[in-house]
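Chain by chain, the residues:
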Amino acid sequence: MYTPDHYKNEDIDQIKVFLRQHSFGILVTTADKKPWATHIPLELDTDTEGHDILVGHIAKANPQWQHFKENEQVLCIFNGPHSYISSSWYAAEEVPTWNYIAVHVYGTLTLLDEKAVLASLHKLVDNYEKASKNPISLHDISPKTMRQIKGIVGFQIKVTDIQATYKLSQGREHDHPKIISELEERDGAGSKAIAQCMRKD
């Protein structure tokens, strides 16, 4: 991912928090010499050796998995908030732009057996059910319904590289108060989220 130096974020702890908060990503692989992408949850975890991994699954009906190769290099894309930035918010004349946060994770893919897939599903559901009014557990779901697990393919990706872009009007700090104020007045969660990120930056 092309990222000018002043937009690079190399704070790995902050990036990991971002990945956990924005875990619905895009898995990009190659199939028949063409890129193929699937939008799925990709959960950050660690393997038994302490390496960072992403864990996910896709439907067997999705042809992408048939082109998976053990230990092939794949790309996972995670998008955070983003917003249009009007140059009318600047003290001096300039062109408009877009502020955003995006993280690209590269790694090698390995397929999981059914036992490991089931364990990952329990972990996934338990994590997201915590915020539910009436949380469910996969332990409470009937064996008949749980047989649907045979319709998915699970995998893990051993992380080899992380590239993070946090484009938050760096270099225009003198304009930040005005930009933040304008963003907070706009409709849309993205604008307000970018304003909040700029306050923290």
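This one's a predicted model, so the numbers in the text were calculated from it and none came from an experiment.

Parameters at a glance
Residues numbered from 1 in each chain as written. Predicted model: local features only at pLDDT ≥ 70, side-chain atom pairs only at ≥ 80, totals over all residues. Heavy atoms only, no water. Helix = DSSP H or I, 4+ residues; strand = E, 2+ residues; numbered from the N terminus. Buried < 20%, exposed > 50% of the residue type's maximum accessible area, 1.4 Å probe, protein only. Contact = heavy atoms within 4.5 Å. Expected span 1.5 Å × (residues − 1). Phe/Tyr/Trp six-rings, centres within 6.5 Å; stacked < 30°, edge-to-face > 60°. Lys NZ or Arg CZ within 6 Å of the ring centre and 35° of its normal. Pairing = 2+ DSSP bridges. Axes fitted to C-alpha atoms, helices over the stretch in contact; angles between N-to-C directions.

Peer 1: Please set out the environment of L27 residue by residue, giving values where relevant.
Peer 2: Inspection of the secondary structure assignment puts L27 in strand β1 (residues 24-31). Owing to a relative accessible area of 0%, L27 belongs among the buried residues under this scheme. Excluding residues within four positions of it along the chain, L27 makes contact with W36, A37, T38, I40, L42, Q64, F68, V74, L75, C76, F155 and I157.

Peer 1: I'd like to hear about helix α2 (residues 114-129), residue by residue, with values.
Peer 2: Spanning 16 residues, α2 covers 22 Å between terminal C-alpha atoms, matching the ideal 22 Å at 1.5 Å per step. Of the surrounding secondary structure, the elements contacted by the buried residues of α2 are β2 (34-41), β3 (43-46), β4 (52-59) and β7 (152-167).

Peer 1: So what's going on with the environment of Q156? Which residues, and what values?
Peer 2: Among the secondary structure elements, Q156 is positioned in strand β7. The exposure class of Q156 is partly exposed, given its relative accessible area of 23%. Taking the C-alpha atoms as reference, Q156 lies 9.8 Å from S120; in sequence the two are 36 residues apart. In this structure, Q156 is in contact with I53, L54, V55, T108, L109, T110 and L112, ignoring residues within four places of it in sequence.

Peer 1: With reference to specific residues and values, describe the packing of aromatic side chains.
Peer 2: Evaluated as defined, the whole model comprises three aromatic pairs. Their ring planes at 70 degrees and their centres at 5.8 Å tell us that Y84 and W98 sit as a pair that is edge-to-face. Note that Y84 is positioned in strand β5 (residues 73-85) and W98 in strand β6 (residues 97-111), a separation of 14 residues in sequence. The class of Y84 is partly exposed, set by a relative accessible area of 31%. Owing to a relative accessible area of 42%, W98 belongs among the partly exposed residues under this scheme. The residue whose ring lies beneath R172 is Y90, and the NZ or CZ to ring-centre distance is 3.9 Å.

Peer 1: Give me the pairing of β6: which residues, what numbers.
Peer 2: With 11 bridges joining them, β5 and β6 adopt antiparallel strand pairing. Opposite H82, over in β6, you have Y100 as the bridge partner. Two elements, β6 and β7, share 12 bridges in a ladder whose sense is antiparallel. The residue bridging H104 from the neighbouring strand is Q163, located in β7.

Peer 1: Go over the sheet that holds β2, please, and point to the residues and values.
Peer 2: A sheet is described by the order of its strands in space; here seven strands give the open sequence β2-β1-β5-β6-β7-β4-β3, paired in antiparallel fashion. Looking along the sheet, the strands with just one partner apiece sit at the ends: β2 and β3. Strand-to-strand twist of the sheet, defined as the mean angle between neighbouring strand axes without regard to direction, takes the value 35 degrees. Note that β4 and β7 share seven bridges and pair antiparallel. Bridge assignment links I53 to a residue of β7, and that residue is K158. Relative to β7, helix α1 (residues 12-21) is tilted by about 130 degrees, and along the sheet it contacts β3, β4, β5, β6 and β7. Each of β5 and β6 is contacted by helix α5 (residues 189-200), which is oriented at about 95 degrees to β5, the strand it contacts most.

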